[in-house]
Amino acid sequence: MKNHKISARFEQKKADRFVNFDQPGFFTTSERSYILSYILQETPFQEETKNGQKGDIGIEYLLNDDIYISWFPLHDGPYQIPSIEDKEEDEKVFLNDRQVLSMFWADWGRWFKYQPLNRVRIYFGDTVAMYFAWLGFYTKLLIFPAIVGTLVFAYDVYSVFNNEVIDSVCKESAPVSQVHEQLCPDCDEDCSKTEMEHYCMIFTIANAFNNGGSVFFAVFISFWSAFFLEFWKRYQITLAFLWSKADFKENQEPARPEYAVTCEEDDVRYNPITLRWEPYREQSILKTMTAITVVIITVVVVIITLISIIIYKIAVYTMFQKVSGGNLKPYAQSIASVSGSILQLVAITVLSQVYAWLAEKITLWENYRTETEYQNNLTVKRFIFEFFNYYGSCFYIAFFKGNFAGYPGNYTRLFGIRLDTCGPGGCLGELAENLAIIFLGKQILNNIQELLIPVIKTWWSRKKYNKYQGGRDDKEAIAISMTTPWESDNDLAVQENLFPEYLEMVIQYGFATMFVVAFPVAPLFALLNNIVEIRLDAKKYTELFKRPIPVNCMSIGIWYTILDYMASIAIITNAFVIAFTSDFISQVLWKFDRNDSLAGYVAGHLSVFPEGDCKYWDYRDEHGKPDTYWWKLKAVQFIFVVVFEHFVFSVVRMIDLLIPDIPEKLEALIHLEDSFAREMMKEVIEIDLEKLEEMRNRVAIKKRQRLKYT
């Protein structure tokens, strides 16, 4: 331990205790950028007015007044690799950090290589490095569910060719064929009865997943989520220790300049972690309640949009039932479902952009003390909205569609329009179509946006900058842009934070875990997307974006809590999809009652409507009342949900208890380093405590004076 170097929070008073403090490389480039950015945001540029009002503080005010165009850390130089043809034979080629990252990290040909996370941290800062560490870890672990999900999907496809339930609907040669069974009309007017064979395609898709493989994969993905989160916690704390951030606490984080400027002189508190007085005032309850109200209103807007799309699907379905003499009738449900899902994807994209702007404005108005508090509250607001925005249609199709539609002679109506149903086979087939369109469409649109938006932002930045060049001729402007790095960097796009990147991946995580019964290849598509995503994001940060202002962190923050909640929701969701959305439990119960045979399953699932001389998909008697088998089935379905959920949650909890959050050896090293750091900072604590009581008395007197005159 003689040569062991202990890391601790830097204190100017103890500078002599830090190794190589007087050397140029003591602070990394990202740390220097962080220090400088904080100084720029806290430096006042206007003196206090005569009436005692504070002057403006921070460079953001200067930007708003057009005194400066922009501010950002400079890149280390160009990212293009210099040509060796112009060099002498014995002349060495030196690459800057940006060129090294562009060559060995952002290159598409290195998709199978490990990421140079330490270099990323030194160049871009902790938050960017932590994001790429999490993305790489998540992508690596996706290999397992991708392989298992592909095998389950292959088994589902194979089972289609030897399925007596599907054969009874699609083949006349089946032992108990229902091909020509007359089903009741799907609309109120000008609609004729439909033969069962018209539902063959959607019935096949739905029944492809009604097997034990789906149950196995639902259990597997739940256990995988638990292992993923537990092992990420261990990896995360290991990275934090290696990056000397294991002792970083939110209490050490300075107040945001936007917050500090609104505090009065006596709006302070003593921080026992930093041993300093810092700006502090209680959060406004009015602002918090207003923000909650805005979130609720936006969620209501999403629900209204979803209802509108439901009505659109009903209208399209009814129209295709009637046009072309009924020739498009077999495809009416698929056309309505697919077109509605595409429209839903467009609505999701538009609403997401609008709410992103609104959430940022509301959170800025709330004015949180630290950057972490600001980002956490912005994240929660946006994620609640995006959760309903992206998953709302899936929850509707899986758990609500068809369950409240009624039956022939007693249909439920919304604004005079009959609610839609799923048709024979249930809603699992439509859920699979909806998941495929929204999930894959979202990934394609996101990748296109990530390629085009930086280019558009760069073009706009150059166009915006041209107005500041009005006093110069073209040759002078070109000469400046060619010779100064700040001019060339100013043309690059700005990525203010990592929220869009995290949100994209967390939404993807939800699609890869929730409703996975209906779309088992979701983890495979997620894996393929992430292989591209890592290099695409690396290229954006290295070549297309301004260098971001570094921010200290020791974890992925509130995103871990969101992932943990989503893993729990996925367990419950998959249990209900297996039990109620699919026909798996229904078929198992039928086989149990009939000596392991599905013969007559479709015929037994059809109820008679005497007045219309037709049948419909349900378990009801001639009077429309649920029959005995319906009640028996519901009881078994609820029992399955309870058993599945308790079993999976128990195993997940056991995994959480058995796997320690911090590796044993690492925990010992952290405690050892912390004890040494406390010993070194002991003198500083003693000095600061001497002034503590004096400052407290001064603050108390000023608060009493302010209350006296208000």
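Residues numbered from 1 in each chain as written. Predicted model: local features only at pLDDT ≥ 70, side-chain atom pairs only at ≥ 80, totals over all residues. Heavy atoms only, no water.

**Student:** What exactly am I supposed to notice about the overall build of the protein here?
**Tutor:** Along its length, the protein carries 25 helices and 10 strands. Here the protein, with 710 residues, has 47% of them falling under the buried criterion. A separation of at least 24 residues holds for 74% of the contacts in the protein among residues at least 6 apart in sequence. When the accessible surface of the protein is totalled, it reaches about 37100 Å², and 61% of it is carbon and sulfur. (Helix = DSSP H or I, 4+ residues; strand = E, 2+ residues; numbered from the N terminus. Buried < 20%, exposed > 50% of the residue type's maximum accessible area, 1.4 Å probe, protein only. Contact = heavy atoms within 4.5 Å. Areas by Shrake-Rupley, 256 points an atom, 1.4 Å probe, with all protein chains shown as cover.)

**Student:** Hey, could you run me through the packing of helix α9 (residues 212–242) against helix α22 (residues 628–658) in this one?
**Tutor:** Packed helices, taken two at a time, are described by their axes: the angle between them and the distance between them. It is at 10 Å that the axes of α9 and α22 come closest, and there the two elements cross at 25 degrees. In this view, α9 runs roughly parallel relative to α22, as classed from their interaxial angle. Crossing hand, α9 versus α22: right-handed. Residues V215, A218, V219, S222, F223, A226, F227, E230 and K233 of α9 pack against F640, F644, F647, V648, V651, V652, I655 and D656 of α22. (Axes fitted to C-alpha atoms, helices over the stretch in contact; angles between N-to-C directions. Parallel < 35°, antiparallel > 145°, perpendicular 65-115°, else oblique. Left-handed = near helix turned anticlockwise from the far one by under 90°.)

**Student:** For this particular structure, what's the right way to read the pattern of salt bridges?
**Tutor:** Close approach of charged atoms allows side chains with opposite charge to pair. Using the criterion set out here, one finds 17 salt bridges in the structure. A salt bridge links D76 to R547; the nearest nitrogen and oxygen atoms lie 3.1 Å apart. In this pair, D76 sits in the loop between α2 (59–64) and α3 (97–104) while R547 sits in the loop between α18 (522–544) and α19 (558–581), placing the two residues 471 residues apart along the sequence. Owing to a relative accessible area of 32%, D76 belongs among the partly exposed residues under this scheme. In this structure, E181 and K615 form a salt bridge, with 3.5 Å as the shortest nitrogen-oxygen distance. You can see E181 sitting in the loop between α7 (164–170) and β1 (182–183) and its partner K615 sitting in strand β10 (residues 614–617), a full 434 residues away along the chain. Salt bridges here are not isolated pairs; linked through shared partners, they connect E230, K233, R653, D656 and D661. (Salt bridge = Lys/Arg side-chain N within 4 Å of Asp/Glu carboxyl O.)

**Student:** Would you mind going over the state of the cysteines with me for this structure?
**Tutor:** Each disulfide consists of a covalent bond between the sulfur atoms of two cysteine residues. The final tally for this structure, using the stated rule, is two disulfides. The disulfide partner of C184 is C614, and the gap between their sulfur atoms is 2.0 Å. Its torsion about the S-S bond being 95 degrees, the disulfide of C184 and C614 is classed as right-handed. One end of the pair, C184, is in the loop between β1 and β2 (194–195); the other, C614, is in strand β10, with 430 residues separating them in the sequence. (Disulfide = S-S within 2.5 Å.)

**Student:** Mind showing me how you'd approach the environment of A575 here?
**Tutor:** Assignment of secondary structure puts A575 in helix α19. Given a relative accessible area of 0%, A575 falls into the buried group. Measuring from C-alpha to C-alpha, the distance between A575 and F638 comes to 9.6 Å, with 63 residues separating the pair along the chain.

**Student:** For this particular structure, what's the right way to read helix α20 (residues 584–593)?
**Tutor:** It helps to recall that an α-helix has 3.6 residues per turn; residues three or four apart then point in one direction. Of the positions making up α20, those classed as buried are F584, I585, S586, Q587, L589 and W590. Buried residues along α20 sit against α7, α8 (200–208), α9, α19, α21 (601–605) and α22. Looking one or two places after α20, you find N595, whose phi comes out positive at around 55 degrees.

**Student:** Just checking my understanding: could you explain the packing of α19 against α22 for this structure?
**Tutor:** Contact geometry of α19 with α22 gives a least axis separation of 9 Å together with a crossing angle of 155 degrees. As summarised for this structure, α19 and α22 are arranged roughly antiparallel, according to the angle between their axes. Our pair here, α19 against α22, has a crossing hand that is right-handed. Contacts between α19 and α22 pair S568, I571, I572, A575, F576, I578, A579 and F580 from the former with K634, Q637, F638, F640, V641, F644, V648, F649 and V652 from the latter. For the contact of α19 with α22, the class distribution of residues is 14 nonpolar, two polar and one charged. (Nonpolar A, V, L, I, M, F, W, Y, C, P; charged D, E, K, R; others polar.)

**Student:** Explain helix α13 (residues 371–399) here, please?
**Tutor:** If you check α13, its first and last C-alpha atoms are 39 Å apart, about what 29 residues at 1.5 Å a residue would give, namely 42 Å. At Y391, α13 shows its strongest bend, of approximately 55 degrees. The buried fraction of α13 amounts to 21 of the 29 residues, a majority that puts the element mostly inside the structure. (Expected span 1.5 Å × (residues − 1). Bend = angle between axes of the 7 residues up to and from the residue.)

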